[in-house]
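# Coordinate inspection notes
Listed below are the residues making up each chain.
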Amino acid sequence: MKDFKLEIANIISSQVSDLSLDEIVSLIEVPPNKDMGDYAFPCFKLAKIFRKAPNLIAQELCDKIEKTDYIQKIEVAGAYINFFIDKSSLAKSVLTEVLNKKDDYGKTNVGEGKTVIVEFSSPNIAKPFHIGHIRSTVIGNALYKVYKALGFNTVRINHLGDYGTQFGKLIVAFKRWGDEEEVKKAPIKTLLKLYVKFHEEAENEPSLDEEARMWFKKLEEGDKEATELWQWFRDVSLQEFNKVYDMLGIEFDSYAGESFYSDKMPRVINIMKEKGIIKESKGAQIVDLEEYNMPPALITKSDGSTLYLTRDIAAAIYRKETYDFYKNIYVVGSQQILHFNQWIKVVELMGFDWAKDCVHVPFGMVSLEEGTMSTRKGRVVFLEDVLNKAVEKTKEIIMEKNPNLENIDEVAKQIGIGAVVFQELSNNRIKDYTFSWDRTLNFDGETGPYVQYTHTRTCSVLRKANEEISSDVDFSVLTDDDSVNVIKEIGNFPKVVKDVIKNNEPHIIARYVVDLAQAFNKFYHDNVILVDDEKTKKARLALVEATRQTIKNALSLLGVEAPERM
Ligand code: ARG
C-alpha cells in the first residue's frame, strides 16, 4: 500500500534540506476536517530556522513543490500546506492491497526475531473461573494475536494458581468430607464447596488449620498421597477450564503454573543473598523496599515456605533463560499493581537488567448489572454459565429475526460468545465496567453483533453478485464521500494494529472495527451496489469485498468469529 504520508514527506524533503525526513514525517498532521485536505505540513519549525513568518514560508514552499499524479491539489492555509490525495489513487492503493493480501492484510513483520511472552488467564485451581477472569483471558488472547500478526515469536503462558497453602486445606477437606464421584462430576463446584466447608469448620475446630499446614508441607516434600491428590485436583480443574477455553477458541503454549517453580526457589534466594538484599524480619525473610516507597517483599515465611511473590520471581528468571524474551507481559487485574511493582523491583535489585522488560498490563473490574445472572446469594458467577446464557439469549434473538437460518445453534454460539468477548474489549482496559446483557447483545449498538451483522451483510451482497471480484476496476467510481470514508477506514487498519502494542490496548481494534462498520453501513444505505452499469458495479463490489476482508481480519485479532449469515 502506498504510504501517502511518507510520499508527501519525500516531496517536502526534496525542497527542504534543514529538516531530516524523519522530522518531516513526524511533523505531518492529519487535519481535523476534510476541507483541509488529507495531510497538512505546518511551517512553524521552518519559520524559526529561517526567521521568517510561517505563512510566507508555507507559500514559498508550496510554490516550489511539484504535483504528482496521486496528489490532486496542494493549498496554503495560513502556516500550513494542505495536501489533497487524489481519490482514485487512494482507492486503488488501498483496495489492491487488501484484495491481494487477503487474510494477511494488517500483518507486518516489525517483530521479526523478537520473542514476546503473553501470560494471561492464570486461574486458580479448585476455584471458579469467574467473570473477572474473562478479562485477563480475552485481553491476553487479543494481545497475543496482535503480537503474532506483527511478526513476533509468541509464547502464551497460563500461570496456573496450582500451589500454596490452600492445597493443604483442600486435601484435608477432601479426606474428611469429599466424595470422589462428586468431584469427577463437577470438579470445581465440588472442590469449591469443600474449600468453603473447610473454612466454616475451622472456625470451631482450629486444629484443622494445623492439619492443613502439615499436608501442604507433605506436598512440598513430595509425599506420595499428597502429590497424587494434588495432581488429581489439578487435572480435573484444568479439564473444566479447558471447556471454557474451547468455547472461546483459546489455546496456550504452556501451563507452567506456580507449582512448576516450587523446586526453583533455593537458587532465587541464593542470588538475593549474594546481592545482599535479603534480610530476616521476625523469622521471615524479606527484601526491604522502603527506599522505593513500597512495603517489603515477603520472600519466605517464618516456617520457610515460599510465597506467590517468590514464585513470580523464579518464573521470570526461568522465562528469561528459556525464551530470552524481548517483552514478558502479564495480563493481570489492577488489584495486583503493587505486587507486580514489588517483585519487578526485586528482580532489578537482583541485578537483572531485563526487569524493565517485564510488563504488567492491568485491567479494571467487571461487575454484573442487577439480574444479569440468577444466583443464589453469595454464589460466584461462573464464566461458563455466562457464556452459555449469552448463546441462549442470542438464539432467541435469531429465532425472532431469522427463524429459517441454517445451523442456528452454531451461529448463536459464534454471536453469543463473540458478543461477550467484544464487550470485554470495547473499553479502555483499565476502566471498571458493569456487564449488561442489553449492551452486550444489542445488534444496533457499538457491539460485536453489530459488527458481525455488518460482515454478514457484505457476504450477502457478494453472494448475490456471484461473480469474481477483482481489483482491476475503474477507481474513479469510488471518489464520492461515502466510498472515500470507507476506503480511508480500511486503509487505517495496519496502523491501528501497530498502535495496539504501544500501550497494549487491544480495545482500539474494537473501536476501529465499529467505525469501519458504521462507515460501510452509511455507504450501503446510500448506494445501490448491484446496479446495471457494469463499471460501477465492479468497483463497488471491490469495495464491499475489501470491507468484508478487513472486518474479518479485525475480528479475528480480537478472537471473535465472523459468521457469513445470521
Ligand atoms: N492466579 C492469580 C489469580 O487468579 C493470577 C496470577 C497472575 N500471574 C502472575 N504471574 N502472578 O489471582
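For clarity, every value in this text was computed on a predicted model and none was experimentally measured.

### Digging into helix H5 (residues 87-101)
In a regular helix each residue adds 1.5 Å, so 15 residues correspond to 21 Å; H5 covers 21 Å between its end C-alpha atoms and thus fits that length. Listing the buried residues of H5 in full gives Lys87, Leu90, Ala91, Lys92, Val94, Leu95 and Val98. Tucked into the core, H5 has its buried residues touching strand S3 (80-85), helix H19 (481-503) and helix H21 (534-558). Where H5 ends, the next residue or the one after it, Lys102, has phi of about 50°, a positive value.

### Things to note about the site of the ligand
Near the ligand you find Glu119, Ser122, Pro123, Asn124, His159, Gly161, Asp312, Tyr330 and Val332, and these make up its full shell. Of the residues assigned to the shell around the ligand, the class counts are three nonpolar, four polar and two charged.

### Some points on the pairing of strand S10 (residues 358-361)
In this sheet, S10 lies alongside strand S9 (residues 327-331) in parallel orientation, the contact comprising four bridges. When the bridges of S10 are listed, Asn328 appears paired with Cys358.

### Overview of the sheet that holds strand S1 (residues 39-42)
Strand order across the open sheet formed by three strands is S1-S3-S2, with antiparallel pairing between neighbours. The open sheet is flanked by S1 and strand S2 (71-77), the only strands paired with a single partner. In this sheet, adjacent strand axes meet at a mean angle of 20° when their direction is disregarded.

### Considering the sheet that holds strand S8 (residues 297-300)
Within the open sheet, the three strands sit side by side as S6-S7-S8. Their pairing is antiparallel. The outermost strands of the open sheet, each flanked by one partner alone, are strand S6 (278-281) and S8. Across the sheet, the mean angle separating the axes of adjacent strands is 45° when strand polarity is ignored. Pairing of strand S7 (residues 284-287) with S8, which is carried by three bridges, proceeds in the antiparallel orientation. Its bridge partner being in S8, Gln285 is matched across the sheet by Thr300.

### Quick look at the UniProt feature "domain: DALR anticodon binding" (unreviewed entry) in the protein chain
When the UniProt feature table is mapped onto this chain, "domain: DALR anticodon binding" (unreviewed entry) is found at residues 451-566. End-to-end, the C-alpha atoms of residues 451-566 are 12 Å apart, and along that stretch the chain is 72% helix and 0% strand.

### Things to note about the pairing of strand S4 (residues 115-119)
Counting buried residues along S4, four of its five residues qualify, which places the element largely inside the surrounding structure. Bridge count between S4 and strand S5 (residues 153-157): five bridges; the pairing is parallel. The residue of S5 that forms the bridge with Val118 is Arg156. The handedness of the S4 to S5 crossover, carried by helix H6 (residues 131-149), is right-handed. Examined bridge by bridge, S4 and S9 share four bridges and lie parallel to one another. Counted as the bridge partner of Glu119 is Tyr330 from S9.

### Section: the nonpolar core
Nonpolar side chains in soluble globular proteins generally cluster together in the buried interior. Membership of the largest hydrophobic core comes to 110 residues, with the highest contact counts inside it found for Val513 and Leu558. A total of 11 residues in this core trace back to one element, the largest contributor, which is H21. Those residues in contact with Leu558 that sit more than four places away from it in its chain are Ala142, Val421, Phe422, Leu425, Pro506, Ile509 and Ala510. Ranked by size, the runner-up nonpolar core spans 22 residues in total, among them Ala126, Val172, Ala173 and Ala226.

### Focus on the UniProt feature "short sequence motif: 'HIGH' region" (unreviewed entry) in the protein chain
When the UniProt feature table is mapped to this numbering, "short sequence motif: 'HIGH' region" (unreviewed entry) covers residues 123-133. In the segment residues 123-133, helix accounts for 27% and strand for 0%; the C-alpha atoms at its two ends are 7 Å apart.

### Brief notes about the domain arrangement of the protein chain
Segmentation of the protein chain into domains returns domain 1 (4-85), domain 2 (115-262 + 307-361) and domain 3 (383-558). Look at where the C-alpha atoms of domain 1 and domain 3 centre, and you get two points 36 Å apart.

### A word on the packing of H19 against H21
Interhelical geometry of H19 versus H21 gives an angle of 30° and a closest axis separation of 10 Å. Here H19 lies roughly parallel to H21, going by the angle between them. Here H19 runs over H21; the crossing is left-handed. Across the interface between the two elements, Ser483, Val486, Ile487, Ile490, Phe493 and Val497 of H19 pack against Leu543, Ala546, Thr547, Thr550, Ala554 and Leu557 of H21. Its residues assigned to classes, the contact of H19 with H21 comprises nine nonpolar, three polar and no charged.

What counts, and where the lines are drawn
- Residues numbered from 1 in each chain as written.
- Predicted model: local features only at pLDDT ≥ 70, side-chain atom pairs only at ≥ 80, totals over all residues.
- Helix = DSSP H or I, 4+ residues; strand = E, 2+ residues; numbered from the N terminus.
- Expected span 1.5 Å × (residues − 1).
- Buried ≥ 20, exposed ≤ 12 C-beta atoms within 10 Å, placed from the backbone.
- Contact = placed C-beta atoms within 7 Å.
- Near = placed C-beta within 6 Å.
- Nonpolar A, V, L, I, M, F, W, Y, C, P; charged D, E, K, R; others polar.
- Pairing = 2+ DSSP bridges.
- Axes fitted to C-alpha atoms, helices over the stretch in contact; angles between N-to-C directions.
- UniProt positions renumbered as here; feature names shortened; annotations may be inferred.
- Right-handed = clockwise from strand over helix to strand, strands pointing away.
- Core = buried A, V, L, I, M, F, W, Y, C linked by C-beta atoms within 7 Å.
- Domains from an automatic or database assignment.
- Parallel < 35°, antiparallel > 145°, perpendicular 65-115°, else oblique.
- Left-handed = near helix turned anticlockwise from the far one by under 90°.

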